[in-house]
Amino acid sequence: MSLTTDVSHTAAGPATGMASRKHRRTGSGAQTQVPRRRTRQRSEHIFQWLFLVPAVVYMALFFGYPVVKNVVMSFQDYTTATFFTGEAPWVGLANYATVLSSSLFSTSLLNTALFTLGSILGQFVIGLALAIFFQRKFPLNGILRSLLLLPWLLPLIVSSAVWRWILDKDSGALNRFLGDLGLIDTGIPWLTSTSLALLAVVGVNIWIGIPFNLTILYGGLQEIPDELYEAGSLDGATGWRAFRHITWPMLRPVVSVVLVLGVVYTLKVLDIILGLTNGGPANSTQTIATQSYALSFHEFKFGEGAALGNVLVIISLVFAVLYLRASRRAVDE
């Protein structure tokens, strides 16, 4: 018995020692890997923040600060004297009450609605029609699409100057063209008539916005698989039926983006109107954006101008939220 026990202990001893040493090495290796993993994760987080910080700083300086400053200014009596004295008395909601109760606000609000609705409708319908047209393969397709981007690439002040010459009553190119065709006898006052000025400004803004709609909608159409149209054609879904049952449902997310961005951009259009009519004649093209600009930089009532600008921001946010919620509900259904 003792001999067997001694032999078993002798045989098991080295194996047990080797296992215990292996366990210690494995344990120490795992312990060293944990700090290394943590160090690697910490380094990755640091690099992520290094890439993110510049963007955050840029947004805070050039977007966050102006927005906060504008909100604060709207509750103050901020005038030119403030630049010298540094004093801007707190007036609460007085600036908002002044601009909302003015007789010009209702006119500006109506003009803003008409200008936005007309511009978005024209830009979207023409842009979508051109996007569908350019889906076809034909010579010079790419060149023509590139040329259509020119109105979007030109500075707005340049575009407004060119169109101001085109729409001039006496020497404008449009009136000369219509006169040569025998359609008119006298020049049409496109920019000086209270009944035509807003229509003319809307037309120019449509011309400028078509390339944006064309580019985004064309990209969305390219993402629709051809297999869907092939399967639809077997069921008789061609032409208008294919557009209604295949193209439009697949394009709806892109349409939502185009419309929201288009409305937000159009609500704050300033350069075109100032360059063409400066809000006239008789405030017939005055919008909330141009009225805010006039209050701030013509009358130097910075508090009232900031208040009106904030009203425009609120209108944009309300529209964006309501439209996106309606679009999401339609997709869910």
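**Q** Is there a simple way to think about the overall build of the protein in this case?
**A** For the protein, the helix and strand inventory stands at 14 helices and zero strands. Helices (α) and strands (β) of the protein occur, in sequence order from the N terminus, as α-α-α-α-α-α-α-α-α-α-α-α-α-α. Per-residue burial for the protein yields a buried fraction of 33% across its 333 residues. Residue pairs at least 24 apart in sequence account for 67% of intrachain contacts in the protein once pairs closer than 6 positions are excluded. Carbon and sulfur atoms make up 67% of the accessible area of the protein, which totals about 21,100 Å².

**Q** Before we go on, may I ask you to explain the packing of helix 9 (residues 197-222) against helix 11 (residues 240-267) in this structure?
**A** To describe two helices that pack against each other, one gives the angle between their axes and the distance between the axes. One can describe the packing of helix 9 onto helix 11 by two numbers: an axis separation of 10 Å at closest approach and a directional angle of 150 degrees. Classified by the interaxial angle, the pair formed by helix 9 and helix 11 is roughly antiparallel. The crossing of helix 9 and helix 11 is right-handed. Taken together, the residues of helix 11 that come into contact with helix 9 (itself represented by Asn205, Phe212, Asn213, Ile216, Leu217, Gly220 and Leu221) are Thr247, Leu251, Val254, Val255, Val258, Leu261 and Thr266. Looking at side-chain class alone, the contact of helix 9 with helix 11 contains nine nonpolar, five polar and no charged residues.

**Q** Just checking my understanding: could you explain the packing of helix 4 (residues 103-133) against helix 11 for this structure?
**A** Packing of helix 4 against helix 11 brings their axes to within 10 Å, and their N-to-C directions diverge by 140 degrees. Taken together, helix 4 and helix 11 sit at an angle that is classed as oblique. When the axes of helix 4 and helix 11 are compared, the crossing they make is right-handed. When helix 4 is examined against helix 11, the residues Thr112, Phe115, Thr116, Ser119, Ile120, Phe124, Leu128 and Ile132 are found in contact with a partner set consisting of Phe243, Trp248, Leu251, Val255, Val258, Leu259, Gly262, Val263, Thr266 and Leu267. Taken together, the residues of the contact of helix 4 with helix 11 sort by class into 13 nonpolar, five polar and no charged.

**Q** When you look at the side chain of glutamine 291 in this model, what are you seeing that I'm missing?
**A** Following the sequence through the fold, glutamine 291 ends up in helix 13 (residues 288-297). With a relative accessible area of 5%, glutamine 291 lands in the buried category. The residues touching glutamine 291, leaving out its near neighbours within four places in the chain, are Ser102, Leu104, Phe105, Ser108, Gln286 and Leu308.

**Q** How should the nonpolar core be read in this particular structure?
**A** Soluble globular proteins: nonpolar side chains tend toward being buried together. One finds Phe124, Leu128, Ala131, Leu217, Leu251, Val255 and Leu308 to be the most contacted residues of the largest nonpolar core, which totals 28 residues. Residue assignment for this core shows that the elements contributing at least two residues are helix 3 (94-101), helix 4, helix 9, helix 11, helix 13 and helix 14 (302-332). Here the element with the most residues in this core is helix 11; it accounts for eight residues. Not counting the four nearest positions on each side in its chain, alanine 131 is found in contact with Leu214, Leu217, Tyr218 and Leu221. Of all hydrophobic cores here, the second largest spans 21 residues; its members include Trp163, Ile184, Ile206 and Ile272.

**Q** Is there a simple way to explain the packing of aromatic side chains in this structure?
**A** Centre-to-centre distance and the angle between the planes together describe a pair of aromatic rings. In this structure the tally under the stated criterion is 18 aromatic pairs. Each ring, one from phenylalanine 133 and one from phenylalanine 138, has its centre 5.3 Å from the other, and the planes form 45 degrees; the classification is tilted. According to the relative accessible area criterion, phenylalanine 133 is partly exposed, its value standing at 39%. Each ring, one from tryptophan 163 and one from tryptophan 207, has its centre 5.5 Å from the other, and the planes form 70 degrees; the classification is edge-to-face. One end of the pair, tryptophan 163, is in helix 7 (residues 156-166); the other, tryptophan 207, is in helix 9, with 44 residues separating them in the sequence.

Rules behind the numbers
Residues numbered from 1 in each chain as written. Predicted model: local features only at pLDDT ≥ 70, side-chain atom pairs only at ≥ 80, totals over all residues. Heavy atoms only, no water. Helix = DSSP H or I, 4+ residues; strand = E, 2+ residues; numbered from the N terminus. Buried < 20%, exposed > 50% of the residue type's maximum accessible area, 1.4 Å probe, protein only. Contact = heavy atoms within 4.5 Å. Areas by Shrake-Rupley, 256 points an atom, 1.4 Å probe, with all protein chains shown as cover. Axes fitted to C-alpha atoms, helices over the stretch in contact; angles between N-to-C directions. Parallel < 35°, antiparallel > 145°, perpendicular 65-115°, else oblique. Left-handed = near helix turned anticlockwise from the far one by under 90°. Nonpolar A, V, L, I, M, F, W, Y, C, P; charged D, E, K, R; others polar. Core = buried A, V, L, I, M, F, W, Y, C linked by side-chain atoms within 4.5 Å. Phe/Tyr/Trp six-rings, centres within 6.5 Å; stacked < 30°, edge-to-face > 60°.

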